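The primary structure of each chain is shown beneath.
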Amino acid sequence: MEPSTRQLAALRMHRIVWILVGVFGAFAFTFPIAMWRVSTMEKFRGSHVKSLTIEGQLPTTVTRK
């Protein structure tokens, strides 16, 4: 006996949901690791916000050593 169309649609939906949960889980797992790796780089030491201004310069509050 073949499964109904409704059951097949539900199985496809479950597969899509589990794939999205896996992608989110991978992001949630790797994001803290990436943040830790960036925070240990000498280039960003002492900088709370690790970005440049719109002009492409370091903010004036950050002192370079």
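Everything that follows concerns the structure shown earlier in this document.
Residues numbered from 1 in each chain as written. Predicted model: local features only at pLDDT ≥ 70, side-chain atom pairs only at ≥ 80, totals over all residues. Heavy atoms only, no water.

Caption draft 1: Representation of the overall build of the chain in the model. Along the chain, the regular secondary structure elements total one helix and zero strands. The 65 residues of the chain split such that 2% are buried. For the chain, the exposed area adds up to about 6,600 Å²; of that, 67% sits on carbon and sulfur atoms. (Helix = DSSP H or I, 4+ residues; strand = E, 2+ residues; numbered from the N terminus. Buried < 20%, exposed > 50% of the residue type's maximum accessible area, 1.4 Å probe, protein only. Areas by Shrake-Rupley, 256 points an atom, 1.4 Å probe, with all protein chains shown as cover.)

Caption draft 2: How the structure looks around a nonpolar patch on the surface. Where nonpolar side chains cluster on the molecular surface, the patch consists of Met-13, Val-17, Trp-18 and Val-21 and spans about 430 Å² of accessible area. Position of Val-21 among the secondary structure elements: in helix H1 (residues 5–39). (Patch = residues over 30% accessible without salt bridge, like charges linked within 9 Å, V, L, I, M, F, W, Y side chains within 5 Å. Salt bridge = Lys/Arg side-chain N within 4 Å of Asp/Glu carboxyl O.)

Caption draft 3: Spotlight on H1. With 35 residues, H1 extends 51 Å between its outermost C-alpha atoms, agreeing within 8% with the 51 Å of an ideal straight helix rising 1.5 Å per residue. Taken as a whole, H1 carries its principal kink of about 25° at Thr-30; the proline Pro-32 stands between one and four residues after it. (Expected span 1.5 Å × (residues − 1). Bend = angle between axes of the 7 residues up to and from the residue.)

Geometric values such as these leave the question of function open.
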